[in-house]
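# Coordinate analysis (summary)
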Amino acid sequence: MAKFESKLENENADLLCDAILSLKTREECYRFFEDIFTINEVKAIEQRLHVAKMLVEKYTYSKIGEETGASTATISRVNRCLNYGSDGYKIILKRLGIDEKK
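Each chain has its residues counted from 1, following the order in which its sequence is written. Local features are withheld for residues below a pLDDT of 70 in this predicted model, meaning they are given only at 70 or higher, and side-chain atom pairs are given and counted only at 80 or more; totals for whole chains, interfaces and linings count all residues. Heavy atoms from the whole structure form the basis of all side-chain values; hydrogens and water molecules are not counted.

By the naming in an unreviewed UniProt entry, the protein is Trp operon repressor family, taken from Clostridium acidisoli DSM 12555.

Here it is in structure tokens:
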């Protein structure tokens, strides 16, 4: 398999990745996220991950919108990432044990 080449990759992005990878506890994550992100940025990321989880679990757009408050544009964007993106959501959801509903 060829090495993944991100459009985001640069020295500063590497620093951010290394910082996140160094976090060891949920409390450390909360502390770092509160310092580095606005509350709205964290809420937007939380919502996208929740949408991805529900899409993988085969919920309908209407149910996802109802439960998460996400717009159809956000749901569609996350769905595109799941189907045609860089597999970031898939990696995380798989590691969290979140699989497709049968």
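Looking now at helix 1 (residues 11-22). Here a helix means four or more residues in a row that DSSP labels H or I, a strand means two or more in a row labelled E, and each is numbered from the N terminus. To estimate the expected span of a helix, subtract one from its residue number and multiply by 1.5 Å. Between its terminal C-alpha atoms helix 1 stretches 16 Å, which fits the 16 Å expected from 12 residues at 1.5 Å a residue. Throughout this description, a polar contact denotes any pair of N or O atoms lying within 3.5 Å of each other; where both atoms belong to protein, one of them has to be capable of donating a hydrogen while the other can accept it, and for residues adjacent in sequence the pair is counted only when both atoms sit in side chains. Residue Asn10 occupies the N-cap position of helix 1, its side-chain oxygen lying 2.8 Å from the main-chain nitrogen of Asn12.

Before going further, it helps to spend a moment on the pattern of salt bridges. Salt bridge criterion: a side-chain nitrogen from Lys or Arg within 4 Å of a carboxyl oxygen from Asp or Glu. For the structure on display, the rule yields 5 salt bridges. Two residues, Lys43 and Glu46, come together in a salt bridge whose shortest N-O distance is 3.7 Å. Remark: Glu46 and Lys43 occur in helix 3 (residues 39-56); sequence separation between them is 3 residues, near one turn of the helix. Among the residues examined, Glu46 registers a relative accessible area of 42% and is labelled partly exposed. Across the pair Glu66 and Lys63 runs a salt bridge whose closest N-O atoms are separated by 3.8 Å. You can see Glu66 and its partner Lys63 sitting in helix 4 (residues 61-68), 3 residues apart, about one turn around the helix. We call a residue buried when its accessible area falls under 20% of the maximum for its residue type, exposed when it is over 50%, and partly exposed in between, using a 1.4 Å probe and counting protein chains only. Judged by relative accessible area, which is 63%, Glu66 ranks as exposed. Judged by its relative accessible area of 33%, Lys63 falls in the partly exposed class.

Now for a nonpolar patch on the surface. A surface patch of nonpolar side chains, amounting to about 330 Å² of accessible area, comprises Leu49, Ile91, Ile92 and Leu96. Take Leu96: it is sitting in the segment after helix 6 (88-95). Since its relative accessible area comes to 56%, Leu96 is described here as exposed. Like-charged residues within 9 Å of one another, or nonpolar side chains (Val, Leu, Ile, Met, Phe, Trp, Tyr) within 5 Å, are grouped into patches, provided each residue has over 30% relative accessible area and no salt bridge. Surface accessibility in these figures is a Shrake-Rupley result with a 1.4 Å probe; residues are shielded only by whichever protein chains are displayed.

Attention now moves to the environment of Tyr89. With respect to the helices, strands and loops of the structure, Tyr89 is situated in helix 6. Taking the C-alpha atoms as reference, Tyr89 lies 9.7 Å from Val56; in sequence the two are 33 residues apart. What makes two residues a contact is simply this: any of their non-hydrogen atoms within 4.5 Å. Other than its neighbours up to four places away in sequence, Tyr89 contacts Arg48, Leu49, Ala52, Val78, Cys81 and Leu82.

Planes of paired rings set the category: under 30 degrees apart is stacked, over 60 is edge-to-face and the rest tilted, where pairs are Phe, Tyr or Trp rings (Trp by its six-membered ring) whose centres lie within 6.5 Å. Inspection of the entire model under this criterion finds 2 aromatic pairs. Residues Phe32 and Phe33 carry aromatic rings whose centres are separated by 6.3 Å and whose planes lie at 50 degrees to one another, so their mutual orientation is tilted. Note on Phe33: relative accessible area 26%, which makes it partly exposed. Taken together, Phe32, Phe33 and Phe37 form an aromatic cluster joined through their ring pairs.

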